[in-house]
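# Structural description and commentary
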Amino acid sequence: MQEWWRPDRFAPRRARLDKRGRILGAIRGFFAARDYVEVDTPALQVSPGLEPHLRAFKTLLHDPRDGRTVERYLHTSPEFAMKKLLVAGMPRIWQLAHVFRDGDQGMTHHPEFAMLEWYRVDASYEDLMDECAALVGICQDAAGTPALVWRGETADAQRPWQRLSVADAFQQHCGIDLLATAPDPLAPDLERLTAAACHLGISPHPGDDWEALYFRIFLERIEPVLGVGTPTILYDYPLSMAALSRRKPSDPRLAERFEVYVCGLELANAFGELTDPAEQRRRFVADQAKKRAVYGEIYPIDGEFLAALDHGLPPCAGIALGFDRLVMLATGAEDIEDVLWAPVR
């Protein structure tokens, strides 16, 4: 095991860590200028988040007041707690949170990492597209670099960003009419997508569903070319991939969701937030069923979160941005550990 703390091994990271500090300072100034309040919510939660393919860390909480022992999880995102603060009356909030995902370790993944999230009441997901572009541009300036860099590709965040719908991305890069493979938006058809992708030489593996084949196509043919030259906002996801986003009023086949890609690297994920508690519960239950089918386990639903939605989550939009990845892009690092003060061992 490499002893990262030895001065000769730590020294090459210092310049990147200094830039990390300047980027964080720029972020604090950005949000202060826009009347956002920095918040700090607990990492220990009843539910770590219900995205089916994320694995969480579980622990036990011992309450000395009544002798109770209850299961708790380290959050995979501060989203639930931050939305409760919106219900409580906070109109603009941001947080740089340490989040935890088991089984995530590699050049761009770490089991504990920094997630920048912000939420804004009475904002649309288009508003957050503009805000994200402005923030990343300021961070590029703070790092003193003319462009963001990843594996030999560059993207200048100061230039106008590309905006591309998911459907257009599949049409342009793969020749696939993606929405035609989902005549029922909530139950897309694997056979239709398989037929549409046959000319690419990409086919489903045993046990794959429509979403698995979607990602097989996306990761091979689309993601690598996104965000080259300038960052790309990929928006309007099929409704079956809505996660915690609301349905798009002008096209009920779609969800108000976008992701940001820079030099082929995913940087951020954003939603026009779902505020309907009944619909949110339905999606949570569906996510639990999928997780049980794939991994043989489920995580609990946060009943307090649903109660907060029922009380009234105002119209809002929110975004989660990988802060460590942003620092990687701004400093030219290829391994996430090169921009961390200390790695998990």
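Computed from a predicted model, the values in this text were never measured in an experiment.

## Topic: empty space enclosed by the protein
- Considering all chains together, one arrives at one cavity of 30 Å³ or more under this definition.
- In this structure, the largest cavity occupies an estimated 30 Å³ of space.
- Lining the largest cavity are Leu-179, Ala-182, Pro-185, Pro-238, Leu-239 and Arg-253.
- Along the lines of polarity and charge, the residues of the lining of the largest cavity split into five nonpolar, no polar and one charged.

## With respect to the packing of helix 6 (residues 190-197) against helix 7 (residues 210-222)
- Between helix 6 and helix 7, whose axes approach to 9 Å, the crossing angle comes to 25°. It follows that helix 6 is roughly parallel to helix 7 by the angle criterion. Relative to helix 7, helix 6 is oriented so that their crossing is left-handed. Where helix 6 abuts helix 7, its residues Leu-190, Leu-193, Thr-194 and Ala-197 lie against Trp-210, Leu-213, Tyr-214 and Ile-217.
- The class makeup of the residues in the contact of helix 6 with helix 7 is seven nonpolar, one polar and no charged.

## Observations regarding the sheet that holds strand 4 (residues 69-74)
- Strand order in the open sheet formed by three strands is 2-4-3, and the pairing between neighbours is antiparallel. In this open sheet, the two edge strands, each paired with only one partner strand, are strand 2 (44-45) and strand 3 (58-62).
- With five bridges joining them, strand 3 and strand 4 adopt antiparallel strand pairing. Residue pairing across strands places Thr-59 opposite Arg-72, the latter belonging to strand 4.

## A closer look at the packing of helix 2 (residues 14-33) against helix 4 (residues 125-143)
- Close contact between helix 2 and helix 4 brings their axes to 8 Å; oriented N to C, the two are set at 140°. Accordingly, the angle class assigned to the pair helix 2 and helix 4 is oblique. Crossing hand, helix 2 versus helix 4: right-handed. Taking contact as the criterion, the partners of Lys-19, Arg-22, Ile-23, Ala-26, Ile-27, Phe-30 and Phe-31 in helix 2 are, on helix 4, Glu-131, Ala-134, Leu-135, Ile-138, Cys-139, Ala-142 and Ala-143.

## Digging into the sheet that holds strand 12 (residues 265-272)
- Taken together, eight strands build an open sheet; the order of strands is 1-5-6-13-12-11-10-9 and the sheet is mixed. Of all strands in the sheet, those bounded by a partner on one side alone are strand 1 (37-38) and strand 9 (162-165).
- Pairing analysis gives six bridges linking strand 11 (residues 254-262) to strand 12, with the strands arranged antiparallel. Directly across from Glu-259, in strand 12, lies its bridge partner Asn-269.
- Sheet strands in contact with helix 5 (residues 166-174) are strand 9 and strand 10 (232-238), and its direction is about 90° off that of strand 9.

## Quick notes on the packing of aromatic side chains
- Summed over all chains, the structure comprises 14 aromatic pairs.
- Arranged with centres 5.3 Å apart and planes meeting at 85°, the rings of Phe-30 and Phe-31 form a pair that is edge-to-face. This pair shows no difference in class: Phe-30 is buried, exactly as Phe-31 is.
- Aromatic side chains Phe-80 and Phe-284 sit 5.7 Å apart centroid to centroid with 65° between the ring planes, which places their arrangement in the edge-to-face category. Taken together, the residues Phe-80 in helix 3 (residues 79-88) and Phe-284 in helix 8 (residues 277-295) connect sequence positions 204 residues apart.
- Owing to a relative accessible area of 2%, Phe-284 belongs among the buried residues under this scheme.
- One cation-aromatic arrangement involves Arg-34 over Phe-30; the distance from NZ or CZ to the ring centre is 3.7 Å.

How each quantity is defined
- Residues numbered from 1 in each chain as written.
- Predicted model: local features only at pLDDT ≥ 70, side-chain atom pairs only at ≥ 80, totals over all residues.
- Heavy atoms only, no water.
- 1 Å grid on protein atoms, 1.4 Å probe; cavity = no way out; pocket = protein on both sides within 12 Å on 5 of 7 lines; lining within 4 Å.
- Points joined across faces, edges and corners; volume = space filled by probe spheres on them.
- Nonpolar A, V, L, I, M, F, W, Y, C, P; charged D, E, K, R; others polar.
- Axes fitted to C-alpha atoms, helices over the stretch in contact; angles between N-to-C directions.
- Helix = DSSP H or I, 4+ residues; strand = E, 2+ residues; numbered from the N terminus.
- Parallel < 35°, antiparallel > 145°, perpendicular 65-115°, else oblique.
- Left-handed = near helix turned anticlockwise from the far one by under 90°.
- Contact = heavy atoms within 4.5 Å.
- Pairing = 2+ DSSP bridges.
- Phe/Tyr/Trp six-rings, centres within 6.5 Å; stacked < 30°, edge-to-face > 60°.
- Buried < 20%, exposed > 50% of the residue type's maximum accessible area, 1.4 Å probe, protein only.
- Lys NZ or Arg CZ within 6 Å of the ring centre and 35° of its normal.

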